[in-house]
Amino acid sequence: MFNFFKKKQKPEQYVIAFCDENDITTKFGESKEIFDSYERAKYRIFSKVSGWGQAIQNTIGDNAKIDNAWLIIEKKS
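It should be emphasised that the depicted structure is a prediction, and the values quoted were computed from it without experimental measurement. (Residues numbered from 1 in each chain as written. Predicted model: local features only at pLDDT ≥ 70, side-chain atom pairs only at ≥ 80, totals over all residues. Heavy atoms only, no water.)

**Student:** Please set out the sheet that holds strand β4 (residues 63–66) residue by residue, giving values where relevant.
**Tutor:** The sheet built from five strands is open, its strands ordered β2-β1-β5-β4-β3 with antiparallel pairing. Strands with a single pairing partner mark the edges of an open sheet, and in this sheet they are β2 (27–30) and β3 (56–60). Between one strand and the next, the sheet's axes are offset by a mean angle of 35°, whatever the strand orientation. In this structure, strand β1 (residues 13–19) lies alongside β2, joined through three bridges in antiparallel fashion. Bridge pairing in β2 links A17 to E30. (Pairing = 2+ DSSP bridges. Helix = DSSP H or I, 4+ residues; strand = E, 2+ residues; numbered from the N terminus. Axes fitted to C-alpha atoms, helices over the stretch in contact; angles between N-to-C directions.)

**Student:** So, the pattern of salt bridges: which residues are in play, and what are the values?
**Tutor:** Using the criterion set out here, one finds seven salt bridges in the structure. Measuring nitrogen to oxygen at the nearest pair gives 2.8 Å for the salt bridge that ties R44 to E33. Highlighted residues: R44 in helix α1 (residues 38–46) and E33 in the loop between β2 and α1, separated in sequence by 11 residues. You can call R44 partly exposed: its relative accessible area is 22%. (Salt bridge = Lys/Arg side-chain N within 4 Å of Asp/Glu carboxyl O. Buried < 20%, exposed > 50% of the residue type's maximum accessible area, 1.4 Å probe, protein only.)

**Student:** Kindly report on the environment of K76, identifying the contributing residues and their values.
**Tutor:** As for its position among the elements, K76 is in strand β5 (residues 69–76). In this structure K76 comes out as partly exposed when scored by relative accessible area, which is 33%. Sequence separation between K76 and F35 is 41 residues; the distance between their C-alpha atoms is 9.8 Å. Non-local contacts of K76, meaning those with residues more than four positions away in its chain, are made with Q13, Y14, V15 and E30. Within the local environment of K76, its side chain forms a polar contact with the side chain of E30, the two groups lying 3.4 Å apart. (Contact = heavy atoms within 4.5 Å. Polar contact = N/O pair within 3.5 Å; in protein donor to acceptor, adjacent residues only side chain to side chain.)

**Student:** Go over the pairing of β4, please, and point to the residues and values.
**Tutor:** Across four bridges, β3 lies against β4 in antiparallel orientation. Looking at the pairing, I56 lines up with I66 of β4. As consecutive antiparallel partners, β3 and β4 are separated by two residues, and within that stretch G61 has a phi angle of approximately 65°, a positive value. Across three bridges, the pairing between β4 and β5 is antiparallel. Directly across from A64, in β5, lies its bridge partner L71. Between β4 and β5, which pair antiparallel and follow one another directly, the connecting turn spans two residues, one of which, D67, has a positive phi of 30°.

Written as structure tokens, this is what we have:
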């Protein structure tokens, strides 16, 4: 039979958090754009055409430093 009471899973959502240090606990803001995958958020950060690619000064893993902030991909709950 059909299970009509089964909970639907929410799709994963990601945002780009602005942090003082390369640590999500130092978050002071986030971009308004919501991404449906980690890879799309990563592309937005590192793209030289549609992201911050030209302004990146340093990277550690998938985190990037620009001017006075670190860009860190955060999964929304």
